[in-house]
Every structure is written in C-alpha cells, then in structure tokens.
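Per-entry structural report
Here is what each chain is made of, one letter per residue.
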Amino acid sequence: MQTYIVLLTMTGTEVDDLAGPLEDAFADGAPETHATIERHGGKLLDIYLTMGQYDGVMITEFPDDVSCARAMLALRNTGGITQTLRAFPESQWSEIAGGSA
C-alpha cells in the first residue's frame, strides 16, 4: 500500500448544505469519507481538523495512484476540495536517492 497525505478545504457550499448544526455534522466523525476511501480499495489511517490554510488533513493508504485518484474525485463530488501528496517513507529514501545521479 502507498501512503498519501490529503489536504482538505471545505467550500462555503459544503458548509451551507449541512442538514443541521455544525456540531451535529461533526459529532460522528467522517463515516462517509471512510466509506468512500474503502470503496476505492484504500484505508483512512488518520483524519484531522486543522487551523490555517487547510480545514483538514487525512493520512491514507491506497494500493496505487489510480485508486487514490478515483477516491479523491469521489470525495470532490461532496463539495470539498482536495490536494493529494504521495508520501514516501524513510525506508524508501535511499532507493529514491540512488537514482538521482
């Protein structure tokens, strides 16, 4: 499985579409996000609400880039904006650097 870091931005429309108070929307976490990622063969390892430029961050795993891209497209259909970063663990750094000469 490959690791991906996903930066999330909530749009005004996404917040406006909430059926009830914001407290209720966040009370159960992100079950739809978990389900969408799992439906595309991935796993949501961690998800955080953040302060600053992005509203949230997810750490995910997918078997390949295509599976991740499909899941991110599906998540964008909910109104959020994602920026996805492929993350390479420290154990792969030597292999990556070996081909840079």
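Residues numbered from 1 in each chain as written. Predicted model: local features only at pLDDT ≥ 70, side-chain atom pairs only at ≥ 80, totals over all residues. Heavy atoms only, no water.

On to the packing of aromatic side chains. Applying the stated criterion across every chain yields a total of 1 aromatic pair. Arranged with centres 6.0 Å apart and planes meeting at 70 degrees, the rings of Tyr4 and Phe62 form a pair that is edge-to-face. A residue pair is termed long-range when its members are at least 10 positions apart, and Tyr4 in strand S1 (residues 2-9) and Phe62 in strand S3 (residues 56-62) qualify at 58 residues. Here Tyr4 and Phe62 have matching classes, each one buried. (Phe/Tyr/Trp six-rings, centres within 6.5 Å; stacked < 30°, edge-to-face > 60°. Helix = DSSP H or I, 4+ residues; strand = E, 2+ residues; numbered from the N terminus. Buried < 20%, exposed > 50% of the residue type's maximum accessible area, 1.4 Å probe, protein only.)

Counting residues in hydrophobic clusters, the biggest one holds 11 residues: Tyr4, Val6, Leu8, Ile37, Leu44, Met58, Phe62, Cys68, Ala71, Met72 and Leu75. Among the elements that take part in this core, helix H4 (residues 65-76) stands out by supplying 4 residues, more than any other. Setting aside chain neighbours within four positions, we find Tyr4 in contact with Met58, Ile59, Thr60, Phe62, Asp64, Asp65, Cys68, Thr84, Leu85, Arg86 and Ala87. (Core = buried A, V, L, I, M, F, W, Y, C linked by side-chain atoms within 4.5 Å. Contact = heavy atoms within 4.5 Å.)

Let us now look at the sheet that holds S3. Strands in a sheet are paired, the pairing made by backbone hydrogen bonds, and the direction either parallel or antiparallel. If you walk across this open sheet you meet the 4 strands as S2-S3-S1-S4, and the pairing is antiparallel. Each edge of the open sheet is held by one strand with a lone partner, namely strand S2 (43-49) and strand S4 (81-87). Going across the sheet, the axis of each strand differs from the next one's by a mean of 20 degrees, ignoring polarity. Looking at chain direction, S1 and S4 are connected through 7 bridges and run antiparallel. For Thr3, the partnering residue across the bridge sits in S4 and is Ala87. Together, S2 and S3 form the strand contacts of helix H3 (residues 31-39), whose direction differs from that of S2 by roughly 150 degrees. (Pairing = 2+ DSSP bridges. Axes fitted to C-alpha atoms, helices over the stretch in contact; angles between N-to-C directions.)

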